[in-house]
Amino acid sequence: MVRDALSRPLRDLRISVIDRCNFRCSYCMPREVFGKDYPYLERDEILSFEEIDHLVTSLLPLGIEKIRLTGGEPLVRRDFVKLVEMLSRHDVELALTTNGVLLQQFARPLADAGLNRVTVSLDALDDETFQKMTDSDIKVSQILAGIDAAIENGLGPVKINTVIRRGVNEHSILEIIEHFRGTGVIVRFIEFMDVGSSNSWRMDEVVTAEETRSIINEKYDLSEIPPVDASHVAKVWQTSNGDKIGFITSISQPFCGSCTRGRISSEGKFYNCLFADSGFDLKPHLRARVSEEEIQEMVTGVWEMRADRYSEMRGEQTNASRIRLPIEMSHIGG
Ligand code: SAM
Ligand code: SF4
Ligand code: SF4
């Protein structure tokens, strides 16, 4: 097992399969920046399925336990189910993060192809807020139908990722919890993060996990569940009737010390951190079909040098101001 400079193993691999998306969430791909003229990657610039599979085969022996496919929106990548079919042959947990727009259509084929689990992003249950946040005309009912299809096809436990932005969707906190009560779906509240350089992040728009919990406590008694595994980023609490609720506290309580995630961008760069300003370009090596051992050696070298702990360092700054970063979440994969 490979360990970084702070003794953290490489356990999770997040692979961004595409930098494009059918939504324009204001906190991720605001339309003013990600318009028609945005320089998205061309098809031949992104890794092919064979290249992704070669990469995964090479890296698994380093101790990878989980692979998460993300983006951009993974389900807009053509023939995405084929990639799942290829990767599910490996002995590793395979999960997907999606905005759910195409999930009703793909849940069954994805389950048949061997996908294990799905996380769906959903920030509101009323169409007005949802459409405003995603800058789309998609109705919430379409995402809910996708979530139902995921449950029916055994892609659970389904998790919901909800980003709360002050003054925009605090009212969604209780509505979402109430909607998923007793369904086994795990709702996770994510603090609005300062990733990338285009989402005009401001600290005063961050609703912290503590604030979110105090809103939930108005209606439900929450108690904390001790973490099973330190590498789980969400702090999990539960209501008195056993519904689990997660909190991802990247801003208020960073968890870099137990961060075991390596990231592959859609064009094949390996990043040590969501906030890294540069990545190691694996594509030329994957295109040259270098051996699994050589890929493994390169990534081992990169990981062993890893000392990234951006979120903790942000907190150490006196005014909690952001450092502008060149890499967008849609590019590196959320
Ligand atoms: N398109 C897919 C989706 O939305 O689920 C996968 C990619 S998206 C980048 C992955 C996750 O990142 C989503 O749950 C999204 O809410 C989250 N995300 C994006 N920008 C964020 C930000 N600035 N702060 C916190 N979470 C963010
Ligand atoms: Fe697309 Fe996901 Fe980013 Fe929203 S959060 S713009 S759905 S990649
Ligand atoms: Fe991991 Fe970087 Fe996030 Fe810290 S800031 S938890 S090191 S991805």
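Residues numbered from 1 in each chain as written. Chains lettered and ligands numbered in written order. Predicted model: local features only at pLDDT ≥ 70, side-chain atom pairs only at ≥ 80, totals over all residues. Heavy atoms only, no water.

K.L.:
Help me understand the overall build of the chain, please; the structure alone is not making it clear to me.
P.N.:
When helices and strands are tallied, the chain shows 11 helices and 12 strands. Along the first, second and third principal axes, the C-alpha set of the chain runs to 55 × 45 × 45 Å. Within the chain, residue pairs in contact and separated by at least 24 positions form 73% of the contacts whose partners lie at least 6 positions apart. Carbon together with sulfur atoms contributes 48% to the accessible area of the chain, which is approximately 14,500 Å² in total. Positive and negative charge centroids in the chain, built from 40 and 52 side chains respectively, lie 0 Å apart. (Helix = DSSP H or I, 4+ residues; strand = E, 2+ residues; numbered from the N terminus. Contact = heavy atoms within 4.5 Å. Areas by Shrake-Rupley, 256 points an atom, 1.4 Å probe, with all protein chains shown as cover. Lys, Arg positive; Asp, Glu negative; His and termini not counted. Charge placed at Lys NZ, Arg CZ, Asp CG, Glu CD.)

K.L.:
Would you mind showing me how to read the site of ligand 2 here?
P.N.:
Around ligand 2 sit Cys-21, Phe-23, Cys-25, Cys-28, Met-29, Gly-72 and Asn-99, and that is every residue in its neighbourhood. For the shell around ligand 2, the residue count by class is 5 nonpolar, 2 polar and no charged. (Near = heavy atom within 4 Å. Nonpolar A, V, L, I, M, F, W, Y, C, P; charged D, E, K, R; others polar.)

K.L.:
Where do I start with the nonpolar core in this structure?
P.N.:
The nonpolar side chains of a soluble globular protein tend to be buried, and buried together. Counting 103 residues, the largest nonpolar core has Ile-67 and Leu-69 as the members making the most contacts within it. Aside from chain neighbours lying at most four places away, what touches Ile-67 is Leu-13, Ile-15, Val-56, Leu-60, Val-92, Glu-93, Leu-94 and Ala-95. (Core = buried A, V, L, I, M, F, W, Y, C linked by side-chain atoms within 4.5 Å. Buried < 20%, exposed > 50% of the residue type's maximum accessible area, 1.4 Å probe, protein only.)

K.L.:
Would you take a moment to explain the site of ligand 1 for this structure?
P.N.:
Neighbouring ligand 1 are 20 residues; Tyr-27, Gly-72, Ser-121, Asn-161 and Met-193 lie closest to it. In this structure, Glu-73 approaches ligand 1 through a side-chain N or O atom, which is 3.2 Å from a nitrogen atom. Taken by itself ligand 1 offers 550 Å² of open surface, and the protein chains cover 95% of this. Elements that contribute at least two residues to the shell around ligand 1 include exactly strand 3 (93-98), strand 5 (159-164) and strand 6 (186-191). When its residues are assigned to classes, the shell around ligand 1 shows 8 nonpolar, 10 polar and 2 charged. (Polar contact = N/O pair within 3.5 Å; in protein donor to acceptor, adjacent residues only side chain to side chain.)

K.L.:
Help me understand unusual backbone geometry in this model?
P.N.:
Here the bond from Gly-156 into Pro-157 is cis, since omega is 0°, no more than 30 degrees from zero. Considering the arrangement of structural elements, one finds Pro-157 in the loop between helix 5 (140-152) and strand 5. Phi at Asp-79 is positive, roughly 60°, even though this residue is not glycine. By the element assignment, Asp-79 lies in the loop between strand 2 (66-70) and helix 2 (80-87).

K.L.:
I keep staring at the pairing of strand 1 (residues 12-16) and nothing clicks. Help me out?
P.N.:
A regular strand carries its side chains on alternate faces of the sheet. The buried fraction of strand 1 amounts to 5 of the 5 residues, a majority that puts the element mostly inside the structure. A two-sided burial pattern is seen for strand 1, the buried positions comprising Asp-12, Arg-14 and Ser-16 on one face and Leu-13 and Ile-15 on the other. Relative to strand 2, strand 1 runs parallel, the two being bridged by 5 bridges. Of the residues in strand 2, the one forming a bridge with Ile-15 is Leu-69. For the handedness criterion, the β-α-β arrangement of strand 1, helix 1 (residues 49-59) and strand 2 is classed as right-handed. (Pairing = 2+ DSSP bridges. Right-handed = clockwise from strand over helix to strand, strands pointing away.)

K.L.:
I tried to follow the packing of helix 3 (residues 103-113) against helix 5 on my own but got confused; where do I start?
P.N.:
A pair of packed helices is captured by two measures, namely the crossing angle of their axes and the spacing between those axes. Where helix 3 contacts helix 5, the axes come no closer than 8 Å and their chain directions differ by 15°. Relative to helix 5, the element helix 3 lies roughly parallel. Crossing angle aside, the handedness with which helix 3 passes helix 5 is right-handed. Contacts between helix 3 and helix 5 involve Leu-103, Gln-104 and Ala-107 from the first element and Ala-145, Gly-146, Ile-147, Ala-149 and Ala-150 from the second. The class makeup of the residues in the contact of helix 3 with helix 5 is 6 nonpolar, 2 polar and no charged. (Axes fitted to C-alpha atoms, helices over the stretch in contact; angles between N-to-C directions. Parallel < 35°, antiparallel > 145°, perpendicular 65-115°, else oblique. Left-handed = near helix turned anticlockwise from the far one by under 90°.)

K.L.:
Got a minute to help me understand a negative patch on the surface in this structure?
P.N.:
There is a patch of like negative charges on the surface, built from Glu-292, Glu-293, Glu-294 and Glu-297. Along the polypeptide, Glu-293 turns up in helix 9 (residues 292-304). (Patch = residues over 30% accessible without salt bridge, like charges linked within 9 Å, V, L, I, M, F, W, Y side chains within 5 Å. Salt bridge = Lys/Arg side-chain N within 4 Å of Asp/Glu carboxyl O.)

K.L.:
Looking at this structure, how should I read helix 4 (residues 127-134)?
P.N.:
Because each turn of an α-helix spans 3.6 residues, side chains separated by three or four positions in sequence point in the same direction. Every buried residue of helix 4 is accounted for by Thr-129, Phe-130, Met-133 and Thr-134. Take helix 4 and look down its axis: the buried residues cluster within an arc of 115°, on one side only. Exposed and facing more than 90 degrees away from the buried side of helix 4 are Glu-128 and Lys-132. Contact partners of the buried residues in helix 4: helix 5 and strand 5. Residue Asp-135 follows helix 4 closely and has a positive phi angle near 50°. (Arc of directions from axis to C-beta.)

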